[in-house]
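# Residue-level structure breakdown
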Amino acid sequence: GAVVSQHPSRVICKSGTSVKIECRSLDFQATTMFWYRQFPKQSLMLMATSNEGSKATYEQGVEKDKFLINHASLTLSTLTVTSAHPEDSSFYICSATAGRNFYEQYFGPGTRLTVT
Amino acid sequence: ILNVEQSPQSLHVQEGDSTNFTCSFPSSNFYALHWYRWETAKSPEALFVMTLNGDEKKKGRISATLNTKEGYSYLYIKGSQPEDSATYLCAFIKGGTALIFGKGTTLSVSS
């Protein structure tokens, strides 16, 4: 099956710093990549959708200036949490689709971000 | 607001038991429903993509049904094994690409 990697798996940073998370599709070209966030005991919440070479579409309530998404190639998308604060501590997970099979998505293993 | 509800939230069964969970979703503007299995520290793994009312899909001991008119899907596991322990997520597809997830059902199977 299609493989998506995500790096890092865990990161701890200080309040006010920025953190970049990478999401790569390893064996297929992803027409679209998605970024989700999950708080404890909650569902995966879509943050943004990005297509290669174009600006990401953010969900309502997600600050685009805080969560910068770059999708420069068909195999790589990055999420940068700028000026992170403790309330940004969460589990971030990406997925990618090749646009087939009713948009079946392939997920990375996620990144646990802790902001101290 | 689109809501996907899953029940039960968690479930504990003995090895060999059969079990099922429910996913409820908005029945209007239905496009597709996805089921995923998510083991701890791993990536969610796609189980089924379901699109047609009355669909039944099967993968080994796991099967799923779909009722788009009333807005629900059932996931069944026959003869549960410890390796089936995971969180099972369903997701309703919105606007062609984006998935709206339920909170999941966490299954624990004891040997």
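Here, every reference points to the structure presented above.
The rules we used
- Along each chain, numbering runs from 1 in the same order as the chain's sequence is written.
- Labels follow written order: the first chain is A, the first ligand is 1, and so on.
- In keeping with the model being predicted, local features are shown solely for residues with a pLDDT of at least 70 and side-chain atom pairs are shown and tallied solely at 80 or more, while totals for entire chains, interfaces and linings include all residues.
- Hydrogen atoms and water are omitted, and side-chain values are computed over all heavy atoms in the structure.
- A pair of aromatic rings is counted whenever rings of Phe, Tyr or Trp (Trp by its six-membered ring) have centres within 6.5 Å, and the orientation is called stacked for planes under 30 degrees apart, edge-to-face for over 60 and tilted otherwise.
- Residue exposure (1.4 Å probe, protein chains only): buried if accessible area is under 20% of the type maximum, exposed if over 50%, otherwise partly exposed.
- Strand pairing follows a simple DSSP-based rule, namely that at least 2 bridges must link the two strands.
- Helix and strand definitions follow DSSP, with helices as H or I runs of at least four residues and strands as E runs of at least two, each counted in order from the N terminus.
- Each axis is a line fitted through C-alpha atoms, taken for helices only over the stretch in contact, and angles between the N-to-C directions span 0 to 180 degrees.
- The disulfide criterion used throughout: a pair of cysteine sulfur atoms within 2.5 Å.

This next bit is on the packing of aromatic side chains. By the definition in use, this model includes 15 aromatic pairs over all chains. For the pair F25 of chain B and F30 of chain B, a centre-to-centre distance of 5.3 Å together with 35° between the ring planes defines the contact as tilted. The same class applies to F25 of chain B and to F30 of chain B, which are both buried. Relative to Y76 of chain B, the ring of Y74 of chain B has its centre 6.1 Å away and its plane inclined at 70°; by these criteria the two rings are edge-to-face. Using a relative accessible area of 28% as the deciding quantity, one classes Y74 of chain B as partly exposed. Counting every residue linked through ring pairs, the aromatic cluster contains F34, Y36 and F107 of chain A together with Y36 and F101 of chain B.

Below, the discussion takes up the sheet that holds strand β6 (residues 56–59) of chain B. Residue and element names in this part refer to chain B. If you trace the 5 strands from one edge of the open sheet to the other, you get β1-β3-β8-β7-β6, paired in antiparallel fashion. Each edge of the open sheet carries a strand with a single partner, namely β1 (5–7) and β6. Neighbour-to-neighbour, the strand axes of this sheet turn through a mean angle of 15°, independent of strand direction. Examined bridge by bridge, strand β7 (residues 62–67) and strand β8 (residues 72–77) share 6 bridges and lie antiparallel to one another. Note on β8: the bridge partner recorded for N67 is Y72.

Tallying each qualifying case throughout the model produces 2 disulfides over all chains. Each disulfide pairs two cysteine sulfurs, and for C23 of chain A the partner residue is C94 of chain A, the sulfurs being separated by 2.0 Å. Taking the sign of the S-S torsion, 85° for the link of C23 of chain A and C94 of chain A, the bridge is right-handed. With C23 of chain A in strand β3 (residues 19–25) and C94 of chain A in strand β9 (residues 90–97), this residue pair connects regions lying 71 residues apart in the sequence. Per residue, the accessibility class of C23 of chain A equals that of C94 of chain A, and both read buried. Between the sulfur atoms of C23 of chain B and its disulfide mate C90 of chain B the distance is 1.9 Å. In this structure, the disulfide formed by C23 of chain B and C90 of chain B twists by about 75° around the S-S bond and is classed as right-handed. With C23 of chain B in strand β3 (residues 19–24) and C90 of chain B in strand β9 (residues 86–94), this residue pair connects regions lying 67 residues apart in the sequence. Here C23 of chain B matches C90 of chain B in class, with each residue buried.

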